[in-house]
Amino acid sequence: MLTVYSRIAAGTPNDATATGNSVTWVKVNSVAQSNRKITTLRSMGASPTTGTISIDFAAQTQTMCGWSLAEFSGTDTTGTNGSGAIVQSPTDTNTTGTPSTTMTAFASTNNVAYYGVGHAANEGTTPATGFAEIHDIGIAENGAGIETAWKVNDNTLDPTWTSTTVGWNLNAIEIKAATTTFSKGNLRPRVFAPGISR
């Protein structure tokens, strides 16, 4: 999963796209709030390669960009480019407050909730209750915080932060566990270093 939070000077940012690692990156969901947007992409391949992942916005200049990359093992591998691993992918956004987002009841108690959330302040984010944090990034330029987190079988997403008068964007995903030789808790992320572009 690659989650990208970005900002432009005015208007609505384009969706982030990505290339690299000899896989096809496909958008799962995105949501804009004013001049900021969060986009989450998926990929899956039999023979991915190491190397650089390039993030692009179709020639649109971003004034802030941060990203979080995590690889989940134990997922359903059917479909194409990871499509079989995605059960639901709701989004949420508001101009104030913090999220209190409830996903539809999970299809299996073995499935995982993953979310990426961005808000317009350079500060940390406290994960949703009981969730394991993947990344928590503060970005000084144009003020931004981006966090990703995950938990087995929990459809309630309630991360918090200090500055509750700013807008926020949240992408949520239910990730489907593999059905063969799977035990609860085997679906988990491999965490890569986050990034910031100024």
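Structure shown above.
Predicted model only: the values in this text are computed from it and were never measured. (Residues numbered from 1 in each chain as written. Predicted model: local features only at pLDDT ≥ 70, side-chain atom pairs only at ≥ 80, totals over all residues. Heavy atoms only, no water.)

### Brief notes about the overall build of the chain
Next, step 1: If you tally the helices and strands in the chain, you get zero helices and 17 strands.
Next, step 2: Relative to a compact globule of 198 residues, whose C-alpha radius of gyration would be 16 Å, the chain shows 16 Å and is just as compact.
Next, step 3: Counting only C-alpha atoms, the chain reaches 50 × 35 × 25 Å along its principal axes.
Next, step 4: Across the 198 residues in the chain, those meeting the buried criterion constitute 47%.
Next, step 5: Long-range pairs, those at least 24 residues apart, make up 77% of the contacts in the chain between residues at least 6 apart in sequence.
Next, step 6: With an accessible surface of roughly 8,600 Å², the chain has 47% of that area assigned to carbon and sulfur atoms.
Next, step 7: Side chains of the chain give 11 positive and 13 negative charges; the mean places of these two sets differ by 4 Å. (Helix = DSSP H or I, 4+ residues; strand = E, 2+ residues; numbered from the N terminus. Rg over C-alpha atoms; globule rule 2.2 N^0.38 Å. Buried < 20%, exposed > 50% of the residue type's maximum accessible area, 1.4 Å probe, protein only. Contact = heavy atoms within 4.5 Å. Areas by Shrake-Rupley, 256 points an atom, 1.4 Å probe, with all protein chains shown as cover. Lys, Arg positive; Asp, Glu negative; His and termini not counted. Charge placed at Lys NZ, Arg CZ, Asp CG, Glu CD.)

### Considerations on unusual backbone geometry
The phi angle of most residues is negative, glycine excepted, and most peptide bonds adopt the trans form.
Next, step 1: With phi around 60°, serine 34 is a residue other than glycine that occupies positive phi space.
Next, step 2: Inspection of the secondary structure assignment puts serine 34 in the loop between β4 (26-33) and β5 (36-42).
Next, step 3: On the basis of relative accessibility, which here comes to 55%, the residue serine 34 falls in the exposed class.

### With respect to the packing of aromatic side chains
Next, step 1: The tally for this structure, following the rule as stated, stands at three aromatic pairs.
Next, step 2: Between phenylalanine 72 and tyrosine 114, the aromatic rings sit 5.9 Å apart at their centres with planes inclined by 85°, giving edge-to-face as the arrangement. With phenylalanine 72 in strand β7 (residues 64-73) and tyrosine 114 in strand β11 (residues 112-119), this pair connects stretches of sequence that are 42 residues apart. With respect to class, phenylalanine 72 is no different from tyrosine 114; both count as buried.
Next, step 3: Relative to tryptophan 150, the ring of phenylalanine 72 lies with its centre 6.4 Å away and its plane at 85°, an arrangement referred to as edge-to-face. You can see phenylalanine 72 sitting in strand β7 and its partner tryptophan 150 sitting in strand β13 (residues 144-152), a full 78 residues away along the chain. Each of the two residues, phenylalanine 72 as well as tryptophan 150, counts as buried. (Phe/Tyr/Trp six-rings, centres within 6.5 Å; stacked < 30°, edge-to-face > 60°.)

### Points about the side chain of threonine 40
Next, step 1: For threonine 40, the position within the fold is in strand β5.
Next, step 2: Setting aside its immediate chain neighbours within four residues, threonine 40 contacts Met1, Leu2, Thr3, Val26, Lys27, Val28, Asn29, Tyr114, Asn171 and Ile173.

### Remarks on the side chain of glutamate 147
Next, step 1: With respect to the helices, strands and loops of the structure, glutamate 147 is situated in strand β13.
Next, step 2: Buried charge glutamate 147 goes without a salt bridge, the closest partner of opposite sign being lysine 151 at 13 Å.
Next, step 3: Reaching out from glutamate 147, the side chain makes a polar contact with the side chain of tyrosine 115 at a distance of 2.7 Å.
Next, step 4: Contact partners of glutamate 147, with chain neighbours within four places excluded, come to Tyr115, Gly116, Val117, Thr125, Thr126, Pro127, Glu133, His135, Asp136 and Pro159. (Salt bridge = Lys/Arg side-chain N within 4 Å of Asp/Glu carboxyl O. Polar contact = N/O pair within 3.5 Å; in protein donor to acceptor, adjacent residues only side chain to side chain.)

### With respect to the pattern of salt bridges
Next, step 1: Following the criterion strictly, the structure yields four salt bridges and no others.
Next, step 2: Between lysine 176 and aspartate 76 there is a salt bridge, with its nearest N and O atoms 3.5 Å apart. One end of the pair, lysine 176, is in the loop between β15 (168-175) and β16 (188-191); the other, aspartate 76, is in the loop between β7 and β8 (86-88), with 100 residues separating them in the sequence.
Next, step 3: The class for lysine 176 is partly exposed, based on a relative accessible area of 30%.
Next, step 4: A salt bridge links lysine 151 to aspartate 154; its shortest N-O distance comes to 2.8 Å.
Next, step 5: Of the residues examined, aspartate 154 reaches a relative accessible area of 13% and is grouped as buried.

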